[in-house]
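Chain by chain, the residues:
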Amino acid sequence: MSAAAAWVEPSLDMDKLSYEIFSILESKFLFGYDDPKLLLPSMPATPAAPRIRSASSGKVRVLSIDAAGVDFAGAALARLEASLRKQVGDPDACVADFFDLAAGSGAGGVLAALLFTRGHDGRPMFSVAEALRLLAKHGRRLASSAGQRKGILAGLLCRSGGLLRRVFGDATLRDALKPVLIPCYDLATGAPFVFSRADAVEADGYDFRMEEVCAATCADPAAGAAAVEMRSVDGRTRIRAVGGGLAMWNPTAAAITHVLNNRREFPTAAGVEDLLVVSLGDAEAPAPLGKAPSLLSVADIAMITGRAQADVADQAVGMAFGERRASNYVRIQGCGATERGVESVLFQGRKLSEQTNGEKLDLVAAELIKEHERRKRSAVPTVALKPSTTPARSSSRR
């Protein structure tokens, strides 16, 4: 598939530097800090497994959803799911069937949790259409607590009452069908914390109830939300969480480094050439241009810093992919499906992309299906089977 013209000539040195930067970020933020005092003493060490290199290994499929603009992300995923169903001829196909990992921040984390948590039947708890119907049904009541924030997920950015509890029941991170990454900011330690299924499978001290994970990543202080006091399922790990958007507005880089450094679940992924990444941003929103700095609200400042982080992450990821950006990394953001989206250009702000978002999504669907079909014929597993877990204990699909 095509994408915007490359704006930096790729080089081995640049690719190596970008990979090292991602590794440093991951060692500090993704797997539980460098400070030994903050690590669980019982956290078992996972021995490094050798990479399985093969021409038929295929690509690990990664979905990332930004902290804001979930209305836009929901519409994009609905378009993608409809295209997947049409192309494979299966009316029950879900987005979760075609991705190997989902990362979402803020309300994007809630959407990822809805789509990738296991239901009673062993299938995804929600399809995109079902998730959007649920959120639309409860959106008016939820939005009443969200102040000036608009959209079907607005209320989740503050307090959601009993909705998350009714939806997820007693499901925890271990009940995710695929690896998930959902960030928050831990006020107790003054550092980002990423909820991860991989960590939850390793130790009870890193397993949290999915209901509380969603509440934590959506606890947006700019919208008036209080910090979420939470504990792991064994009660040993305590977190005082505020929204994921403060820690990691765009979680794409964290998702990439998680795959490249998680040999147990992704034994064949050795570099960006082994990935297919779909990153969903948000629609263009009026910036607080023209306002005097002294007149900027807390919400304005949070939006500015969040969008800036998202663009920096997009640019860094694009540089890391180099010449493979056109085939292995797709960023969807900006406008509606029938209009040309926007792309972040290093040191040059944003520009219109060459394709509409709808065209990008249709091409992404074709690539996802191609990889899906390739795995049916290949004897080399791209993704290792995860340890068995019990089905979700109590949840509702409506």
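Since this is a predicted model, take the numbers as computed values, not measurements.

Rules and cut-offs
Residues numbered from 1 in each chain as written. Predicted model: local features only at pLDDT ≥ 70, side-chain atom pairs only at ≥ 80, totals over all residues. Heavy atoms only, no water. Helix = DSSP H or I, 4+ residues; strand = E, 2+ residues; numbered from the N terminus. Buried < 20%, exposed > 50% of the residue type's maximum accessible area, 1.4 Å probe, protein only. Contact = heavy atoms within 4.5 Å. Phe/Tyr/Trp six-rings, centres within 6.5 Å; stacked < 30°, edge-to-face > 60°. Core = buried A, V, L, I, M, F, W, Y, C linked by side-chain atoms within 4.5 Å. Expected span 1.5 Å × (residues − 1). Pairing = 2+ DSSP bridges. Disulfide = S-S within 2.5 Å. pLDDT = per-residue confidence, 0-100. Salt bridge = Lys/Arg side-chain N within 4 Å of Asp/Glu carboxyl O.

So, the overall build of the chain
Within the chain, the regular secondary structure consists of 12 helices and 10 strands. Per-residue burial for the chain yields a buried fraction of 52% across its 398 residues. When contacts within the chain are restricted to residue pairs at least 6 apart in sequence, long-range pairs at least 24 apart make up 73% of them.

Observations regarding the packing of aromatic side chains
Within the structure shown, the criterion is met by 5 aromatic pairs. Measuring from ring centre to ring centre gives 5.3 Å for phenylalanine 193 and phenylalanine 195, while their planes differ by 70 degrees; the resulting arrangement is edge-to-face. As far as the burial class goes, phenylalanine 193 and phenylalanine 195 line up, both buried. Look at phenylalanine 195 and phenylalanine 208: their rings are 5.1 Å apart centre to centre, the planes differ by 80 degrees, and that puts the pair in the edge-to-face class. Here phenylalanine 195 is found in strand E4 (residues 191-196), whereas its partner phenylalanine 208 is found in the loop between helix H6 (197-202) and helix H7 (210-217), with 13 residues between them in sequence.

Topic: the nonpolar core
Formed by 66 residues in total, the largest nonpolar core has its most connected members in Leu63, Leu77, Leu80, Leu114, Phe168, Phe195 and Leu280. Ranked by residue count, the leading element in this core is helix H3 (residues 107-116), at 8 residues. In contact with leucine 63, other than residues within four places in its own chain, are Leu77, Val95, Phe99, Leu101, Ala102, Ala103, Phe116, Val278 and Leu280. Counting 21 residues, the second largest nonpolar core, distinct from the first, contains Ile256, Ala269, Val277 and Tyr329.

Here we look at helix H10 (residues 298-321)
Residues spaced three or four apart along an α-helix point in a common direction, a consequence of the helix completing one turn every 3.6 residues. The end-to-end C-alpha distance of H10, which contains 24 residues, comes to 35 Å, matching closely the 34 Å that a straight helix rising 1.5 Å per residue would cover. Immediately beyond the C-terminal end of H10, within one or two residues, lies glycine 322, with a positive phi of roughly 55 degrees.

A word on the pairing of strand E2 (residues 101-104)
Burial along E2 is two-sided: Leu101 and Ala103 and Ala102 and Gly104, pointing in opposite directions, are all buried. The pairing of strand E1 (residues 60-65) with E2 spans 4 bridges and is parallel. Each bridged residue has a counterpart across the sheet, and for leucine 63 the counterpart in E2 is alanine 102. Two elements, E2 and strand E3 (residues 180-186), share 2 bridges in a ladder whose sense is parallel. Residue pairing across strands places alanine 103 opposite leucine 181, the latter belonging to E3.

Overview of the state of the cysteines
Under the counting rule described, the total for this entry stands at 0 disulfides. Free of any disulfide, cysteine 214 has its nearest cysteine sulfur in cysteine 218, 6.8 Å distant.

Quick word on the confidence of the model for the chain
Scored by pLDDT, the chain has a mean of 78; 69% of the residues are at 70 or more. Low confidence marks residues 1-12, where pLDDT is under 50. Its contacts with residues over four positions away, or in another chain, come to 24 contacts. In this model, residues 28-43 is a region of pLDDT below 50 whose contacts with residues beyond four sequence positions or in other chains number 39 contacts.

A closer look at the pattern of salt bridges
Counted according to the given criterion, the structure contains 20 salt bridges. Arginine 85 is the partner of glutamate 81 in a salt bridge, and the nearest nitrogen-oxygen pair spans 3.8 Å. Taken together, the positions of glutamate 81 and arginine 85, both in helix H2 (residues 70-88) and 4 residues apart, correspond to about one turn of that helix. The exposure class assigned to arginine 85 is partly exposed, which follows from its relative accessible area of 23%. Residue glutamate 371 pairs with arginine 375 through a salt bridge whose shortest N-O separation is 2.8 Å. Taken together, the residues glutamate 371 and arginine 375, both in helix H12 (residues 357-377) and 4 residues apart, mark about one turn of the helix. Using a relative accessible area of 7% as the deciding quantity, one classes glutamate 371 as buried.

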